[in-house]
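A closer look at the structure
Here's the letter readout for the chains.
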Amino acid sequence: MTGFDRARWLALLLPFGLLAGAYASQYLGGLYPCEMCWWQRWPHFAALPLALGAFVGGAGVRRTLVALAALAILTSGLIGGYHAGVEYGWWEGITTCSSTIVPGSGKDVLDAILDAPLIRCDIAPWTLFGISLAGYNFLISTLGALAIFGLLRKGASA
């Protein structure tokens, strides 16, 4: 397997895995996303079709699509770093919080809105070894994007 093939698979599997983990924590773990959590998901959503496109087309187009997917992954990581800083109190984040309406509750819309849990962006709902989910997204996405760029560069010089 060439460096480009590794980069292409990493560009596809990394956002897929991180999004799967985010949705599992949301729907299985009850950790509803705040506004800044959603900001981190959007670049991964963008990276998936870019990485999928890298499996078809000409070599130059595929390489560009992998690089764009890596850039999207890096963007998510940087947003995650900003969000983690807000959670750790290193700087102030957005001043609004978000809430999530629990689907299928059977209540009328107004009751569902009023009973929705308030999700704060400045409080980490879960940590492991002192690192929040936003912090892990920062670490995994940033290092993964740098690995993809490194594999692309290595493949270009080969």
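A few words now on the nonpolar core. Judged by nonpolar contacts, the single largest core of 21 residues is most densely connected at Ala7, Ala11, Val66, Ile73, Ile148 and Leu152. Mapped by element, the contributors of at least two residues to this core are α1 (3-27), α2 (35-53), α3 (59-87) and α5 (133-157). The element that contributes the greatest number of residues to this core is α3, accounting for seven residues. Among all residues touching Ala11, those that are not within four sequence positions of it are Ala47, Ala51, Val66, Ala69, Ile73 and Ile148. Of all hydrophobic cores here, the second largest spans five residues; its members include Cys34, Met36, Val86 and Ile119.

Here we come to the packing of α2 against α3. Two elements in contact, α2 and α3, have axes separated by 8 Å at closest approach and are oriented at 170 degrees. Looking at the two axes, α2 sits roughly antiparallel to α3.

Negative phi characterises most residues that are not glycine, and trans characterises most peptide bonds. Phi angles above zero are rare outside glycine, and Phe129 is one such case at about 60 degrees. Of note, Phe129 is situated in the loop between β3 (127-128) and β4 (131-132). Overall, Phe129 belongs to the exposed group, its relative accessible area being 74%.

Our next topic: a nonpolar patch on the surface. Nonpolar side chains collect at one region of the surface, where Trp39, Trp42, Tyr82, Tyr88, Trp90 and Trp91 lie side by side and expose about 700 Å² of accessible area between them. Residue classification places Tyr82 among the partly exposed residues on the basis of a relative accessible area of 35%.

Relative to the 27 Å expected for 19 residues at 1.5 Å per residue, α2 spans 29 Å between its end C-alpha atoms, a close match to the ideal helical length. Taken residue by residue, α2 has Met36, Gln40, Arg41, Pro43, His44, Ala47, Leu48, Ala51 and Gly53 as its buried positions.

Our focus in this paragraph is the packing of aromatic side chains. The final tally for this structure, using the stated rule, is seven aromatic pairs. Among the aromatic residues, ring-to-ring pairing joins Tyr82, Tyr88, Trp90 and Trp91 into one connected group.

What follows covers the side chain of Arg41. Relative to the helices and strands, Arg41 resides in helix α2. The residues touching Arg41, leaving out its near neighbours within four places in the chain, are Leu19, Ala22, Tyr23, Gln26 and Pro33.

Moving on, we get to the pattern of salt bridges. It is possible for side chains bearing opposite charge to pair when their charged atoms get close. Under the defined criterion, the tally for this structure stands at one salt bridge. Across the pair Arg8 and Asp5 runs a salt bridge, and its minimum N-O distance is 2.6 Å. Of the two residues, Arg8 and Asp5 both sit in helix α1, three residues apart, roughly one turn of that helix. Its relative accessible area of 11% is what places Arg8 among the buried residues.

Here we take up the packing of α1 against α3. Viewed as axis vectors pointing N to C, α1 and α3 meet at an angle of 40 degrees, and their least axial separation amounts to 10 Å. As the angle between them shows, α1 and α3 are arranged oblique. For the crossing formed where α1 meets α3, the hand is left-handed. Of the residues in α3, those in contact with Phe4, Ala7, Arg8, Ala11, Leu14 and Pro15 of α1 are Arg62, Arg63, Val66, Ala69 and Ile73. A class-by-class count of the residues in the contact of α1 with α3 yields eight nonpolar, no polar and three charged.

Rules used in this analysis
- Residues numbered from 1 in each chain as written.
- Predicted model: local features only at pLDDT ≥ 70, side-chain atom pairs only at ≥ 80, totals over all residues.
- Heavy atoms only, no water.
- Core = buried A, V, L, I, M, F, W, Y, C linked by side-chain atoms within 4.5 Å.
- Buried < 20%, exposed > 50% of the residue type's maximum accessible area, 1.4 Å probe, protein only.
- Helix = DSSP H or I, 4+ residues; strand = E, 2+ residues; numbered from the N terminus.
- Contact = heavy atoms within 4.5 Å.
- Axes fitted to C-alpha atoms, helices over the stretch in contact; angles between N-to-C directions.
- Parallel < 35°, antiparallel > 145°, perpendicular 65-115°, else oblique.
- Patch = residues over 30% accessible without salt bridge, like charges linked within 9 Å, V, L, I, M, F, W, Y side chains within 5 Å.
- Areas by Shrake-Rupley, 256 points an atom, 1.4 Å probe, with all protein chains shown as cover.
- Salt bridge = Lys/Arg side-chain N within 4 Å of Asp/Glu carboxyl O.
- Expected span 1.5 Å × (residues − 1).
- Phe/Tyr/Trp six-rings, centres within 6.5 Å; stacked < 30°, edge-to-face > 60°.
- Left-handed = near helix turned anticlockwise from the far one by under 90°.
- Nonpolar A, V, L, I, M, F, W, Y, C, P; charged D, E, K, R; others polar.

Any functional reading would require information that these geometric values do not contain.
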